[in-house]
There are 4 protein chains.
Amino acid sequence: MSERFSGVHWMLATPFDEDENVDASSIVRLMDKAESSGCSGVVCLGVTGESARMTDDERRQVASQVIEHANGMPVTVGTTAASTKACITYSQEAEKLGAAAVMVAAPSMAKSNVNVLFNHFQRVAESVNIPVVMQDYPQASGVQMPTGFIARVGQEIPNVQYLKLEDPPTPSKITAIRKLIEDRLTIFGGLGGVFLLDELSRGSVGAMTGFAYPEVLVEICTNMREGGRASAEPVFNRYLPMLLFEYQEGIGLGIRKHALHHRGLISCAKVRYPGSEPTEEIRQEFLDLIRDIEYD
Amino acid sequence: MSERFSGVHWMLATPFDEDENVDASSIVRLMDKAESSGCSGVVCLGVTGESARMTDDERRQVASQVIEHANGMPVTVGTTAASTKACITYSQEAEKLGAAAVMVAAPSMAKSNVNVLFNHFQRVAESVNIPVVMQDYPQASGVQMPTGFIARVGQEIPNVQYLKLEDPPTPSKITAIRKLIEDRLTIFGGLGGVFLLDELSRGSVGAMTGFAYPEVLVEICTNMREGGRASAEPVFNRYLPMLLFEYQEGIGLGIRKHALHHRGLISCAKVRYPGSEPTEEIRQEFLDLIRDIEYD
Amino acid sequence: MSERFSGVHWMLATPFDEDENVDASSIVRLMDKAESSGCSGVVCLGVTGESARMTDDERRQVASQVIEHANGMPVTVGTTAASTKACITYSQEAEKLGAAAVMVAAPSMAKSNVNVLFNHFQRVAESVNIPVVMQDYPQASGVQMPTGFIARVGQEIPNVQYLKLEDPPTPSKITAIRKLIEDRLTIFGGLGGVFLLDELSRGSVGAMTGFAYPEVLVEICTNMREGGRASAEPVFNRYLPMLLFEYQEGIGLGIRKHALHHRGLISCAKVRYPGSEPTEEIRQEFLDLIRDIEYD
Amino acid sequence: MSERFSGVHWMLATPFDEDENVDASSIVRLMDKAESSGCSGVVCLGVTGESARMTDDERRQVASQVIEHANGMPVTVGTTAASTKACITYSQEAEKLGAAAVMVAAPSMAKSNVNVLFNHFQRVAESVNIPVVMQDYPQASGVQMPTGFIARVGQEIPNVQYLKLEDPPTPSKITAIRKLIEDRLTIFGGLGGVFLLDELSRGSVGAMTGFAYPEVLVEICTNMREGGRASAEPVFNRYLPMLLFEYQEGIGLGIRKHALHHRGLISCAKVRYPGSEPTEEIRQEFLDLIRDIEYD
């Protein structure tokens, strides 16, 4: 397991201005925050990064700027696409830009077929010289990845080295995968960090997620590594209301960007339309919440 | 608002024995627990009650026994069906058995149509003399209920008096509904109680949910009513890890029944096949969790 | 292959009166039509039979009456349920009533798991002494049955003898299954007969479907058996516009019942609410269509 | 109603070579065929064009080449995107390239909301000076467009002039829309032409679809216009088996490209992975079919 690929890889939101254009200056601040928070790396162009809502040109722009300001942190670039060919094109572009890894979820498929899925990941993995993070996120992709499929990928495609696991219940799935292939795949959690404690207990090495307070995720991971669950649990429990608040279905990204804006990390909390913005009540609840748990 | 229809209405699990037959004696213990925990009422034959996995005869048996042991608590009986006709038949049967209310979710529909949905609820509501709890649970029904539809039901169908709201983000939806029709519909939360605190803040009167520790839900609701959010929040936060653990997608009911069995409330934790049973690791995590938060 | 289980097994609509109650007298006429049309058997309580919209008591009533008037034809009874336990109860009841077979689709599952699915079919198949028709209809069940799973059932569960295949493209799937297990499973088509010709060419033995003109399906199957595709194709093509008209998504059953009513086979075309009724325009188009292809 | 926007607008497949790269020379042949077949226009970058499987650069390349070889025919360019911002960018690019119209389907939305959907179309329509074809294709977009929503768009957004209707049953929906707004929206059918005859009878002006034999669609539309349904119906019925064969779920595009290749219109039948290719049996059935109906 690489030192660099453990702990917290912060999923970056893509900052937009009021006109929904990419806001380059906020990217710099997000990267500074990632570093000062003790993140091991960052991931751009995932769901949190609103990748699907951007043009290819914009995606290239964001990946370039993130890599430019990485300051030594490994940058993973999301390159999920609906075809193997397009995914390869995006992945090779990311490698040329200097990405440390690419993150690839299943392409949407009318009928799920694990052999076809395997071929997709194999062809993508063979097309680049950097490792692939396979993302298992059926809620977004619509494609289930059975444990046996994941194990087969881990055993037969050397270049798929990491798994971002977001198929709940994630702790159980971590155990099931590790029973089959031990640590052949290095597993990261996601899902806003809501299940981080149990995921680490089951054998994940950290989280690739975009919670607006990455230092909290880092603290949980560090305590776990140094003091075990007894040390990590109080921290996790203390911040759980905040993790859960941000995790709310359908408005999570809006809350997250609102929190990032509140912290001064991005200049504008805008989500690309038709993404949902938090209401005034939600923004107030957020403020009450961070006051109640004595944060900031 | 009725006194009886506020606070906690505990969603009853249906206890089965090792052969997956209904276990009548455990029903008695669950009812005793509901009463001793301070629940205002109970609900049987919902998703937690594995209603969809039972025959009509078994459903009748469960409803009869629950009502027989209600000891004054109002019993709401789930009567959701795929047709208006069948829903009416079940609802009238429940009324005859002595139900205080019936709970009805949307019938599954190839294409959602709010006018058709309205007619369904109207015909059902007019067929009985007890109130209807409309359940808004799109994850189970596949049918979205827009806020405007819910408001129309509240205004035009007098017999639909309660709303069990399980369409996240629930706090925002409570506010949106109350802006349209104030408290014309009395709103209960569900979803295992995971969003209970914010739901109460937004104007729900309580929860209809099946968390294995109903006294915790009661304590939260009581504190909220008597001391406001400042009083309820510490209780909620203390138990949040347990609420969240039980809420895990796909295995929540298995964990819940395991917890009920652990507490001696049901004789057997069996979930009807093909429902999922918790693994050994999950059962151990549950034990660690209740020890860590110093419960029991 | 049984003589009795080939050719056309007519899927029976459940006739309702204006009040949506089961209309027993129309069942007799449907059974007479099945026999006089040359059907080899009938199937009741499928999707066409609006099984999901009926109570258990009504389902028992329909199955009894169909079997009573079967006049020697084998009757297959749909016993699909959301749990293995309930499916077994329904299947054993059907056997006692005199069913020749039971038809079972996959129970809806949060996450599809072929091993769990296998166990479901195995337990059901072992619970009765009559054969099981496995229905592969993902559009209704939400569950995909991969070819390898179907082959495994065919090889390892002796009592599952028939497959009602409704997972398009059906001709390709028939070939794929037969490559794995030859005719270990006797395959019937469904889907309103729209793909019947190619299905027969690929090795199905007939159709279990509810097209309102069963004599047309019988003629196609008979011509295929006696004269090959060259003989069946002109018949199929002649009636294809009618097959396709009835097959229209969302309103197919309403059209089918309207056609049955037009033919005098049922007294009332009512579909249980919230099922869709054909509009006046559709009813007129239907009349034009049967006139155009010189039927009746 | 524009003369140019009626009859058949052929949905172009995007031809790829064996390595899945765009094959420019085949585009020229497809355009020649569109013209010689009597098509009124063409549409590129739709589902048939595998738009979702291509990069933005490739999409620009295809749109350019199609427009370059349009020879006077209006070219509609698909610009559907997951965000309003990206859809506007693509639409303005298409206008600059010389597109006669852009085709826009609903962006995928976690929860369908007709007001949000309305805003999306309004903002896109106001961003360009060419008309918008609104595509109603819930099977691909996951978003239902109620009739009332479509009528509102037709009345309130002047620049949305055309509707490509692919929400079955399409004939009924055409009637329902026209009852509300007459011919404020010019309606085209799609869905491979399988319901073309009834769609034209109900008031559509033609088809935007990719059936590999566009001259057949043109003949049906022409006969309808000149001789009424009595003239069009025999043509439609004659080719219905071919229309239906190509329409098979999941493999339709593979069959279509195979047919285009068989006709010499594209050099290679390749579908971008993981799209499905027809098996040997399907290719043979296709050959038998076109021989049987005496085509070519």
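What you are looking at is a predicted structure, and each value in this text was computed from that prediction instead of being measured. (Residues numbered from 1 in each chain as written. Chains lettered and ligands numbered in written order. Predicted model: local features only at pLDDT ≥ 70, side-chain atom pairs only at ≥ 80, totals over all residues. Heavy atoms only, no water.)

(A) Quick peek at the sheet that holds strand S8 (residues 206–209) of chain C. All names here are of chain C. Taking strand neighbours around the barrel as the criterion, the 8 strands line up as S1-S2-S3-S4-S5-S6-S7-S8 in a closed arrangement whose pairing is parallel. Looking at each pair of strands side by side, their axes are set apart by 25° on average, direction ignored. Two strands pair when backbone bridges link them, and strand S1 (residues 7–11) and strand S2 (residues 41–44) are joined in this way by 3 bridges, in the parallel orientation. Bridging from a neighbouring strand, Met-11 pairs with Val-43 of S2. Helix-sheet contacts for helix H7 (residues 170–181) involve strand S5 (132–136), strand S6 (160–165) and strand S7 (186–189), and the interaxial angle to S6 is about 155°. (Pairing = 2+ DSSP bridges. Helix = DSSP H or I, 4+ residues; strand = E, 2+ residues; numbered from the N terminus. Axes fitted to C-alpha atoms, helices over the stretch in contact; angles between N-to-C directions. Contact = heavy atoms within 4.5 Å.)

(B) Structural context of the relation of the copies chain D and chain B. In screw terms, the move from chain D to chain B is a rotation of 180° and a rise of 0.0 Å along the axis, fitting with an RMSD of 0.0 Å. What the rotation and shift describe, once combined, is the action of a two-fold rotation axis. Both copies contact each other with a shared surface, as 100% of the interface residues of chain D are interface residues in chain B too. (Least-squares fit on C-alpha atoms with pLDDT ≥ 70 in both.)

(C) Structural detail: the pattern of salt bridges. All names here are of chain A. Evaluation of the coordinates by the stated rule reveals 92 salt bridges over all chains. Between Lys-33 and Glu-215 there is a salt bridge whose closest N-O contact spans 3.6 Å. With a gap of 182 residues between them, Lys-33 in helix H1 (residues 24–36) and Glu-215 in helix H9 (residues 214–227) connect regions that are remote in the sequence. Given a relative accessible area of 19%, Lys-33 falls into the buried group. (Salt bridge = Lys/Arg side-chain N within 4 Å of Asp/Glu carboxyl O. Buried < 20%, exposed > 50% of the residue type's maximum accessible area, 1.4 Å probe, protein only.)

(D) Spotlight on the interface of chain A and chain D. Facing 26 residues of chain A, the contacting portion of chain D comprises 26 residues. Carbon and sulfur atoms make up 53% of the surface buried where chain A meets chain D, a total of about 2,100 Å² over both sides. Together, Lys85(A), Tyr273(A) and Pro274(A) form the three largest contributors to the area buried by chain A at its contact with chain D, with a combined 30%. Connecting chain A to chain D are 4 salt bridges. Note that Glu20(A) and Arg123(D) form a salt bridge whose closest N and O atoms lie 3.6 Å from each other. On inspection of chain A and its partner chain D, the count reaches 12 residue pairs in polar contact (both at pLDDT 80 or more). The set of elements that each furnish at least two residues to the side of chain A that touches chain D consists of helix H2 (56–68), helix H3 (84–97) and helix H4 (114–126) of chain A. By residue class, the composition of the side of chain A that touches chain D is 9 nonpolar, 8 polar and 9 charged. (Buried area = accessible area lost by both parts, 1.4 Å probe. Polar contact = N/O pair within 3.5 Å; in protein donor to acceptor, adjacent residues only side chain to side chain. Nonpolar A, V, L, I, M, F, W, Y, C, P; charged D, E, K, R; others polar.)

(E) Main features of the pairing of strand S4 (residues 101–105) of chain B. Residues and elements named next belong to chain B. By the criterion of burial, S4 is predominantly enclosed, with 5 of the 5 residues buried. The two faces of S4 match: Ala-101, Met-103 and Ala-105 on one face and Val-102 and Val-104 on the other face are all buried. Handedness of the strand S3 (residues 75–78)-helix H3 (residues 84–97)-S4 crossover: right-handed. Relative to strand S5 (residues 132–136), S4 runs parallel, the two being bridged by 4 bridges. When the sheet's bridge partners are listed, Val-104 is paired in S5 with Met-134. Note on the crossover from S4 through helix H4 (residues 114–127) to S5: the handedness is right-handed. (Right-handed = clockwise from strand over helix to strand, strands pointing away.)

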